[in-house]
Amino acid sequence: MVNKIFMLMTFIGVPLSVVGSLMHWSDIILFIIYCLTIVALASYMGRATESLAIVAGPRIGGLLNATFGNAVELIISIFSLKAGLVGIVLASLTGSVLGNLLLVAGLSFFIGGIKFKRQTFNVYDARHNSGLLMFAVIIAFVIPEVFSMNMNETKTLSLSIGISVILIILYLAALFFKLVTHRGVYQPSTAKVAHEEEEPEWGKRKAIAVLFIATLAVAYVSERLVHTFEYVGETLGWSELFIGVIIVAIVGNAAEHASAIVMAFKNKMDIAVEIAIGSTLQVAMFVLPVLVLVSLFFDTTMPLLFSWQELIAMVSSVLLMVVISNDGESNWFEGLTLLAAYLIMGIGFFLL
Amino acid sequence: MVNKIFMLMTFIGVPLSVVGSLMHWSDIILFIIYCLTIVALASYMGRATESLAIVAGPRIGGLLNATFGNAVELIISIFSLKAGLVGIVLASLTGSVLGNLLLVAGLSFFIGGIKFKRQTFNVYDARHNSGLLMFAVIIAFVIPEVFSMNMNETKTLSLSIGISVILIILYLAALFFKLVTHRGVYQPSTAKVAHEEEEPEWGKRKAIAVLFIATLAVAYVSERLVHTFEYVGETLGWSELFIGVIIVAIVGNAAEHASAIVMAFKNKMDIAVEIAIGSTLQVAMFVLPVLVLVSLFFDTTMPLLFSWQELIAMVSSVLLMVVISNDGESNWFEGLTLLAAYLIMGIGFFLL
Amino acid sequence: MVNKIFMLMTFIGVPLSVVGSLMHWSDIILFIIYCLTIVALASYMGRATESLAIVAGPRIGGLLNATFGNAVELIISIFSLKAGLVGIVLASLTGSVLGNLLLVAGLSFFIGGIKFKRQTFNVYDARHNSGLLMFAVIIAFVIPEVFSMNMNETKTLSLSIGISVILIILYLAALFFKLVTHRGVYQPSTAKVAHEEEEPEWGKRKAIAVLFIATLAVAYVSERLVHTFEYVGETLGWSELFIGVIIVAIVGNAAEHASAIVMAFKNKMDIAVEIAIGSTLQVAMFVLPVLVLVSLFFDTTMPLLFSWQELIAMVSSVLLMVVISNDGESNWFEGLTLLAAYLIMGIGFFLL
C-alpha cells in the first residue's frame, strides 16, 4: 500500500522535476516537487538496501548504500573544485560528516528508540568504527591544522598529500579487513540466525540496479533542489557557510537519511549504523582525500585544512559519537542527544 | 552514638553560627564553628539521602540531594548576576563542575576503595552520564567558545541563548528518560535485591523534610563561611579566581561531598556516583543555562563563554572521568587519580 | 638455531662496534654494524623478559623491560639538560611517548595480528592504563600549556614543579596498586592457567642479569648509532626536530620494540601491551617529571611546556590508543591504524 503510493509519487515526481526544471517554474513549487520526489525515491533505496543486507549482510548493504550516496557527492565536488570553490567543498564535506554522524544517526536512534525500548547493534563493528573515526578526524584532520601553523604553503600541501594517501590506503585496508580477512569473525552468533530466515524482496542484481538508478535520480533531483535553496537562502539571508555545511548536507544525504531511518524503525540497527557511520567514514577517509589529490590537477589546490570552527565541530561530534555508540546499544534519548548536538552546530554555523 | 554527637553538634553549632555572625566574632573562631556545623549538618543530609534511596531508588535519592544542593548555588548566583559579577558566577560554576567531578567523586572512590577492594556501580547509568557529560562540556561549552571567535557580541549572545534552551530541554528529557520511559530498564537484577531488603531510617516525607531543612541550614552557614574565607584569602594573598573556582566550590558543595563519601564508605556506589556526576550534570545542564537566560533581564548579560583555562580544565576533567567511570567499577587508585587531577587544577588556578 | 645466529652476531657485533667507533670507520659501515648488533642484543632482551614474565608475571616482566630501557633515556637526557638542550630533551621524550604508543604497540598488534586472527590482553590492565594515559597527557601536560599563556616564567616553573611531584607520586602509587594492594585482583582466571604451565628459559637472577647487561650494551650501541644518524641527517637535510622526535626515539626504544614484537608474535599480548604502554607511562609519569626536577639544579631549567605540535600529537595519540585498546582485544587492522597515525606524525615533524 505505502509502497504503491511511493511508486506513484516516483513516476509522477521524476518527470515533473525534469519538466519543471527545464521550464523554470516558480522555486516554491519546484521545491515542493523535488522534496516529495526525493522522499519517494529514498523509499526505493531503503528497500534495495534492505534486500541487499539480507542477501549479503548488513555491511555490504550499508556499504553500497553509502557508496552510491557519496559517489554523487564526489562528482559534484569535483566540479566545484574545478571552479576553484575550495571553501565550499570543505564546508559541504564537513556538513556531510556532521550530518551523517549527528543527524542521520540521531534520527535513527530517536525514531527507532520510540518504537523499541532498547536497540542493539554489533558492538565489535561499533568499536572498529570508533577507532576509524578517531583516526580520521582526531589524527588526520587535526595534525595538519596544528602543524601548518608553522609551515609554508608548499609544506602544508605536501603534508596534505601524504595524509590523503595514508587515509585512502587505510580505508581500503579497512574494507579488506571487514570483507576478507575478518569477514564474519566478529558476528554475534545470535544476530546471524534471525537475519538468515528472512526472504529478501528483490534479488541481488535487481536490488543493486534499483539502488543505482534511484541514487542517480536522487542525485539529479537533489542537485536541482540545491539551486532552489540558494535562491531561498538569499531571500532568507542565509550565509554561504550555513548553506554549505547544513542545507546542502541535509539534502545531499537524503538517501542515507531515509534508508537509515527506515532500517532503525524495523529494528535493523546494524544496517542503520553502518549507513550513518559508514557513510561518515567514507566521506572522511575516501571522498575527501581523493578530492585533495584530484585538486592537484586543477588551478586551485585544496590542502587538508578546515576552518577552526569546522574542525572543532567535527572533533567534538566524533568524541560524542564514540562515547554514545561504544556500548553497541541505543535508545531514544541517545538519539535526542545527537540531534541536540546537531542543532547547536546548526545554530553556530547559521550565526557565523 | 556517632549520630548523637552530630545531633549535639548541630543543635549547638547552628545557633552559635547565627549568634557569632551577628556579633562579629573573630573570623578564626567563626571559621571553626562554621566548619564543624557543616560537617554535622551534612551527616543529616547523608542519612536523609540514604533513606530516600532505599525507599525510592538511588537515582531519586541522588537527584534530590543534588537538587537541594544546587538550588542554593542557583540563588546565590542570581544575586551575583544582578550585581553584574559575571566572571565570578562562571568561575564558581566551573569550580562546581570540577569539584563534583574530581573532588567529590575522587574522595568517594578513594575512601570507599580503601575499605573495599573493588566497588561497582550501575554501568548503564555510568555510560548514560558519560554521554551527557560529553554533550554538555565538549559540545555545548566548546562550540560557543570556538565559534564566538568570529562573531560579534550580539551573535554570541544569540548562540548562548539557543544553546541554553537546548541544554535545559535535554536535561528535562534526561529526567523523563530516567524516571519515566526507562525507569528500571537498565537495573542490573542482582543489585536490586540487596537494596530492597534494607529498612530505611526515616520515611519518605520525613527524609525529604530533613534533607530540605539541613540543606537550608548548610546554605546559610556556607554563605557565612565564604565571607570568612574572603578575609582569610586576602591575608593569605589568594586571587579572586582561586577563591571562586576552588574555595567557594569546595564549601558550596559540602553537602554533596559529605553525602557521597558516606555512601561510598557504605559501599553504596550507585548513590555516591549519582550525587557526584548527577550534581555536575545539573550544574552544567540546568543551573548554568538558567542563569544565562535569567541574566537577560539584568543590566549585564552572561554569554556562555568561559575563559580558556576554565574550559580546558572542564574538558580534560570530563575526558578523564569518562574513561575512568565507563566500566562501572572503581578502586582507591582511580579515586587518587581524580584527586591528583583536582590538585593540579587547584595549583593552576592558584598561580593564575 | 635462530638463537645461535643471534649469539654469534652479538659476540661479533659488540666488539666490532667498539673497535669501529674508536677507529672512526665510515659512517655507513658503522651504521650497518650498529643496527645488526642492536637486533641481536634485543633478542636477548626479549628472551630475558619472557623468562621473567613466566616467573614473576607479565607486569613485572614488562615493567623491568621498560625500566631498563628508560633508565638509559634518563641518563642521556640528564647530560643533554646539563648542556642546556631543553628543546631536544622535550622532543626526544615526545618521540618516546609517540614511538611506544603508536610504533611499538602498532607493530605488536600488526605483526601479532597477522599470525593470530584475534588477540586478547587483560582488559582491566588496559582500562587502568587508559586512565593513567589520560591523566598524564590530557591533564598533566595540557594544563600547564593552557594556564601558562597567562602566567610569567616563575609561576610557570612553579606549576611545572607541582605537577612533576604529583606525577611521580601517582606513578609510585600506581606501582603500589598493581604490585601490592591489587596484585592478582584483576587477573582473568583463564589466562593465568596457561602461563603457569610454561617453563622459563632462564631463572629469575640470570634473566635480570641478561636483561641488565643487554640493555647496557644496547644503550652504548644506540648512543653510537645516534651519532651516525646525525651525520646522515645532515646530508639528507633532516631537521633537528625530526631527528629528535622520530629517529632518536626509534633507535632509543629499540629494546622495547624488539621485545614487544617478539611477545606479540608468541601471542603473549599482556607482556607486549605492558611493554608498549607501560613504557609510555614511565616516560610520561616518571622520566619526564624527574628531569623537570633535576633541571632545577642546572643553569637552564626545564618547565613542563611542550610545543603545541608536540602536545597535540601526544593528545591525539592517547585518545586514539584509549579507544583502540579499551576492549582488551587487538587485530592486524588496529595495528595498522596505529602505524598510519605514527606515519602521519612522522611526516608532520619531518616537514616542520
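Values in this document were obtained by computation on a predicted structure and should not be read as measured data.

### Considering the overall build of chain A
Line of reasoning, step 1. Helix and strand counts for chain A stand at 13 helices and 2 strands.
Line of reasoning, step 2. In terms of C-alpha radius of gyration, chain A reaches 20 Å, essentially the compact-globule figure of 20 Å for 352 residues.
Line of reasoning, step 3. Counting all 352 residues of chain A, 60% fall into the buried class.
Line of reasoning, step 4. Taking contacts inside chain A between residues at least 6 apart in sequence as the whole, the part at least 24 apart equals 85%.
Line of reasoning, step 5. Taken together, the 18 basic and 23 acidic charged side chains of chain A have centroids lying 10 Å from each other.

### Quick notes on the packing of helix α3 (residues 58-82) of chain B against helix α4 (residues 86-115) of chain B
Residue and element names in this part refer to chain B.
Line of reasoning, step 1. Here α3 crosses α4 at 160°, and the two axes come no closer than 8 Å. Here α3 is positioned roughly antiparallel relative to α4, judged by the angle of their axes. Regarding α3 and α4, the two cross each other, and that crossing is right-handed. Residues E73, S77, S80 and L81 of α3 pack against V86, V89, S92 and S96 of α4.
Line of reasoning, step 2. Residue composition of the contact of α3 with α4, by class: 3 nonpolar, 4 polar and 1 charged.

### What to know about helix α5 (residues 123-147) of chain A
One full turn of an α-helix is made of 3.6 residues, so residues set three or four places apart face in the same direction.
Line of reasoning, step 1. Between the first and last C-alpha of α5(A) there are 34 Å, a value that for 25 residues agrees with the 36 Å anticipated at 1.5 Å per step.
Line of reasoning, step 2. The residue sitting at the N-terminus of α5(A) and contributing the capping side-chain oxygen is A:N122; that oxygen lies 2.8 Å from the backbone nitrogen of A:Y124.

### Looking at the interface of chain A and chain B
Quoted interface sizes are often the accessible area lost when the parts come together.
Line of reasoning, step 1. Between chain A and chain B, the residue contacts involve 29 residues of the former and 34 residues of the latter.
Line of reasoning, step 2. Summed over both partners, the interface of chain A with chain B buries about 2800 Å², with 80% contributed by carbon and sulfur atoms.
Line of reasoning, step 3. Summed over the three residues of chain A that lose the most area to chain B, namely A:F333, A:I344 and A:L351, the buried surface amounts to 23% of that side.
Line of reasoning, step 4. The tally of links between chain A and chain B comes to 0 salt bridges.
Line of reasoning, step 5. Where chain A touches chain B, the interface holds 6 residue pairs in polar contact (both at pLDDT 80 or more).
Line of reasoning, step 6. Counting residues per element, the ones that place at least two in the side of chain A that touches chain B are α12 (308-325) and α13 (332-351) of chain A.
Line of reasoning, step 7. Of the residues forming the side of chain A that touches chain B, the biggest block, 13 residues, is contributed by α13(A).
Line of reasoning, step 8. Its residues assigned to classes, the side of chain A that touches chain B comprises 19 nonpolar, 6 polar and 4 charged.

### Remarks on the relation of the copies chain A and chain B
Line of reasoning, step 1. Its rotation angle being 120°, the transformation that places chain A on chain B also includes 0.0 Å of axial translation and leaves an RMSD of 0.1 Å. Here the symmetry operator amounts to a three-fold rotation axis.

### Observations concerning the side chain of C:S316
Line of reasoning, step 1. For C:S316, the location among the structural elements is in helix α12 (residues 308-325).
Line of reasoning, step 2. Note on C:S316: relative accessible area 2%, which makes it buried.
Line of reasoning, step 3. Only 2.9 Å separates the side chain of C:S316 from the backbone oxygen of C:I312, close enough to count as a polar contact.
Line of reasoning, step 4. Not counting residues within four places of it along the chain, the set of residues in contact with C:S316 comprises A:I138, A:I139, A:I143 and C:M345.

### What about the packing of aromatic side chains?
Line of reasoning, step 1. Going through the model one piece at a time under the given rule, you end up with 33 aromatic pairs over all chains.
Line of reasoning, step 2. Relative to C:F349, the ring of A:F147 has its centre 5.0 Å away and its plane inclined at 80°; by these criteria the two rings are edge-to-face. Separated into two different chains, A:F147 in helix α5 and C:F349 in helix α13 (residues 332-351) make up a pair that spans both. Like A:F147, the residue C:F349 is buried in the burial classification.
Line of reasoning, step 3. Taken together, the aromatic side chains of A:F110, A:W332, A:F333, B:F176 and B:F177 make up a single cluster linked through ring pairs.

### Some remarks on the interface of chain C and chain B
Line of reasoning, step 1. Each partner contributes to the interface: chain C provides 34 residues, whereas chain B provides 29 residues.
Line of reasoning, step 2. Across the chain C to chain B interface the summed buried area is about 2900 Å²; carbon plus sulfur atoms make up 80%.
Line of reasoning, step 3. For chain C, the biggest contributors to the area lost against chain B are C:I139, C:F147 and C:I166; these three give 20% of the whole.
Line of reasoning, step 4. On inspection of chain C and its partner chain B, the count reaches 0 salt bridges.
Line of reasoning, step 5. Taken together, the connections running from chain C to chain B amount to 6 residue pairs in polar contact (both at pLDDT 80 or more).
Line of reasoning, step 6. Listing elements by their share of the side of chain C that touches chain B, those giving two or more residues are α5 (123-147) and α6 (153-181) of chain C.
Line of reasoning, step 7. With 15 residues, the top contributor of residues to the side of chain C that touches chain B is α5(C).
Line of reasoning, step 8. Looking at the side of chain C that touches chain B residue by residue, the class counts come to 24 nonpolar, 8 polar and 2 charged.

How each quantity is defined
Residues numbered from 1 in each chain as written. Chains lettered and ligands numbered in written order. Predicted model: local features only at pLDDT ≥ 70, side-chain atom pairs only at ≥ 80, totals over all residues. Heavy atoms only, no water. Helix = DSSP H or I, 4+ residues; strand = E, 2+ residues; numbered from the N terminus. Rg over C-alpha atoms; globule rule 2.2 N^0.38 Å. Buried < 20%, exposed > 50% of the residue type's maximum accessible area, 1.4 Å probe, protein only. Contact = heavy atoms within 4.5 Å. Lys, Arg positive; Asp, Glu negative; His and termini not counted. Charge placed at Lys NZ, Arg CZ, Asp CG, Glu CD. Axes fitted to C-alpha atoms, helices over the stretch in contact; angles between N-to-C directions. Parallel < 35°, antiparallel > 145°, perpendicular 65-115°, else oblique. Left-handed = near helix turned anticlockwise from the far one by under 90°. Nonpolar A, V, L, I, M, F, W, Y, C, P; charged D, E, K, R; others polar. Expected span 1.5 Å × (residues − 1). Polar contact = N/O pair within 3.5 Å; in protein donor to acceptor, adjacent residues only side chain to side chain. Buried area = accessible area lost by both parts, 1.4 Å probe. Salt bridge = Lys/Arg side-chain N within 4 Å of Asp/Glu carboxyl O. Least-squares fit on C-alpha atoms with pLDDT ≥ 70 in both. Phe/Tyr/Trp six-rings, centres within 6.5 Å; stacked < 30°, edge-to-face > 60°.

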